[in-house]
Amino acid sequence: MARSRQRKKSRGGFKYILLLAFILLMMVILANNVLVKYMLYDEAKDPGNTDVIAVNIPSGASTERIANILHDNGIIDDVKAFKLKSRFNKLDGTFQAGDYHFSPSMTTSEIMKALQSGHYETARFTIPEGYNIRQTAAKLQELGFISDVQEFYDACEDEYDYEFFGWLDGSQKDPTGTLSAKANRLEGFLFPDTYEVFVGATPHQIIDKMLGQFEKKWQEVGGFDTDSGLSIQELVTIASLIEKEAKVDSERPLVSSVIYNRLDIDMKLQFCSSVIYSLGQWKSRLLYSDLEVDSPYNTYKYSDLPPGPIASPGKASLDAALNPANTDYLYFVLKGNGTGEHNFAKDYSSFANYKQDYLNTQAD
């Protein structure tokens, strides 16, 4: 009997040891998983937000203080993860004080690398209003932000996370054949502005920033709330025509009214800017033969709007496309005074007179 009780007690102790060993093993595995999790943690707070934010890291700041500064400035969203990643990777004490430029789109590793180097350089570029994709790519290459325009064209084919992006049908072909239809769907949506980006930013990151600025400006002019019955593609196409035809902001709503008035009566737009886009090259003076180019972008040859935008419009042109002036104008002719202003006309007779006045100033 005593031996039996001893054997039972021995078996009970063995089971307890096994249970304890199992619990310890689970704790080791869990601790190891936590360790690996934070060593490999590399999340960006907002991959789609490429805004550049100036941040100062003071001298003597601990990792915890640095993490809180980054969190307070909207750069990271998990202070604990930042601290543990730094500790597990033995980076505590390696971060340097200084003035930095960070973005919520940066990963934790990128931020830590910048903090170790003591700086993260940024650079600015400006894309003028009225540039198309090809001109934008050429400008970025000229300024040294991209090494090859084809890389930029390829990045135009990528997917981007914006509300309007899914509404771009990608059916409009580049008349020059330089871009694929998928890349050309971004025509008109690379918002012209001055941008600050990190040195070494990829074409995808640059495009993402420009699309983000378009969405912001489109929201500001009420583009998402319009009940015009037109698609975003059609509205931005109208805005791009306004951008290329009007040089004075006060005239943009007037040019917009001419577009809508002509469309209402099924009258060809006959805009030289659309012909130039279809030719793929700038010409200061169009020939009659140019007006016969067989392209859906040739508004002398085909009625209705071109199949897509011909340039990137600025905010004033986007606003004018959504809010045309209430006029009966069907024509406009450039004045010959060098101001970029136009004379607007309701009928062909007045248009012909204005045109002759312009030709007279050019002959003088």
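In the block above lies the structure referred to throughout.
The structure presented is a predicted model; accordingly, all values stated were derived computationally and were not measured. (Residues numbered from 1 in each chain as written. Predicted model: local features only at pLDDT ≥ 70, side-chain atom pairs only at ≥ 80, totals over all residues. Heavy atoms only, no water.)

Let's talk about the packing of helix α3 (residues 79-88) against helix α4 (residues 108-117)
Stage number 1. Their axes nearest at 11 Å, the elements α3 and α4 cross at an angle of 60 degrees. As the angle between them shows, α3 and α4 are arranged oblique. In the packing of α3 onto α4, the handedness of the crossing is right-handed. Counting all contacts with α3, which are made through F82, K85 and S86, the residues of α4 involved are T108, S109, I111, M112 and L115. (Axes fitted to C-alpha atoms, helices over the stretch in contact; angles between N-to-C directions. Helix = DSSP H or I, 4+ residues; strand = E, 2+ residues; numbered from the N terminus. Parallel < 35°, antiparallel > 145°, perpendicular 65-115°, else oblique. Left-handed = near helix turned anticlockwise from the far one by under 90°. Contact = heavy atoms within 4.5 Å.)

Focus: the layout of surface pockets
Stage number 1. Considered as a void within the structure, the largest pocket measures approximately 1700 Å³ in volume.
Stage number 2. E245, C272, S273, L286 and Y300 are the residues nearest the centre of the largest pocket, which is lined by 41 residues in total.
Stage number 3. Of all the elements, helix α13 (residues 348-363) adds the most residues to the lining of the largest pocket, at 6 residues.
Stage number 4. Forming the boundary of the second largest pocket are 16 residues, of which N49, T50, D51, K209 and Q213 lie nearest the centre.
Stage number 5. Where the lining of the second largest pocket is concerned, the elements lending two or more residues are β4 (194-198) and α8 (203-220). (1 Å grid on protein atoms, 1.4 Å probe; cavity = no way out; pocket = protein on both sides within 12 Å on 5 of 7 lines; lining within 4 Å. Points joined across faces, edges and corners; volume = space filled by probe spheres on them.)

Quick word on empty space enclosed by the protein
Stage number 1. Evaluation of the coordinates by the stated rule reveals 1 cavity of 30 Å³ or more.
Stage number 2. Put simply, the largest cavity is a space of about 50 Å³.
Stage number 3. If you go around the largest cavity, the residues you meet are Y41, E43, K45, I75, I76, D77, D78, F82 and T108.
Stage number 4. Residues belonging to the lining of the largest cavity are distributed by class as follows: 4 nonpolar, 1 polar and 4 charged. (Nonpolar A, V, L, I, M, F, W, Y, C, P; charged D, E, K, R; others polar.)

A word on the environment of K217
Stage number 1. Within the element layout of this structure, K217 appears in helix α8.
Stage number 2. Along the sequence, K217 and G314 sit 97 residues apart, while their C-alpha atoms lie 8.7 Å from each other.
Stage number 3. K217 has contacts with F191, D193 and K315, leaving out every residue within four places of it along the chain.

Quick look at helix α9 (residues 232-245)
Stage number 1. Here α9 contains 14 residues, and its C-alpha end-to-end distance of 20 Å stays within 8% of the 20 Å for a straight helix at 1.5 Å per residue.
Stage number 2. Counting buried positions along α9 gives 12 out of 14 residues, so the element sits mostly inside the fold.
Stage number 3. Within α9, the full set of buried residues consists of I232, Q233, L235, V236, T237, I238, A239, S240, L241, I242, E243 and E245.
Stage number 4. Looking at the buried positions of α9, the neighbouring elements they touch are α8, α10 (252-264), α11 (272-279), α12 (315-322), β5 (331-334) and β6 (342-345). (Expected span 1.5 Å × (residues − 1). Buried < 20%, exposed > 50% of the residue type's maximum accessible area, 1.4 Å probe, protein only.)

Regarding the nonpolar core
Stage number 1. Core analysis: the largest hydrophobic core is formed by 58 residues, its most contacted members being F152, L211 and W218.
Stage number 2. At the level of elements, α5 (133-142), α6 (149-155), β4, α8, α9, α10 and α12 are the ones that each hand at least two residues to this core.
Stage number 3. With 7 residues, the top contributor of residues to this core is α9.
Stage number 4. Apart from the residues lying within four places of it in its own chain, the contact partners of F152 are I133, T136, A137, L140, I146, L190, P203, I206 and I207.
Stage number 5. Within the second largest apolar cluster, 21 residues are counted, among which are A61, V79, Y100 and M112. (Core = buried A, V, L, I, M, F, W, Y, C linked by side-chain atoms within 4.5 Å.)

Concerning the packing of aromatic side chains
Stage number 1. The full count for this structure, using the stated rule, is 18 aromatic pairs.
Stage number 2. Arranged with centres 5.8 Å apart and planes meeting at 35 degrees, the rings of F332 and F344 form a pair that is tilted. Of this pair, F332 sits in strand β5 while F344 sits in strand β6, placing them 12 residues apart in sequence.
Stage number 3. Of the aromatic side chains, those joined through ring pairs into one cluster are Y162, F164, F189, F214 and W218. (Phe/Tyr/Trp six-rings, centres within 6.5 Å; stacked < 30°, edge-to-face > 60°.)

So, the side chain of S257
Stage number 1. Relative to the helices and strands, S257 is located in helix α10.
Stage number 2. Among the polar contacts listed, one links the side chain of S257 to the side chain of T327, at a separation of 2.8 Å.
Stage number 3. What S257 contacts, discounting residues up to four positions off in sequence, is P324, A325, T327 and Y329. (Polar contact = N/O pair within 3.5 Å; in protein donor to acceptor, adjacent residues only side chain to side chain.)

Description of the environment of D290
Stage number 1. Structurally, D290 can be placed in the loop between α11 and α12.
Stage number 2. By relative accessible area, which is 9% here, D290 ends up buried.
Stage number 3. When the C-alpha positions of D290 and S278 are compared, they lie 9.5 Å apart, and in sequence the two are 12 residues distant.
Stage number 4. Ignoring anything within four residues of it in the chain, the contact list for D290 reads V275, L279, K283 and N298.

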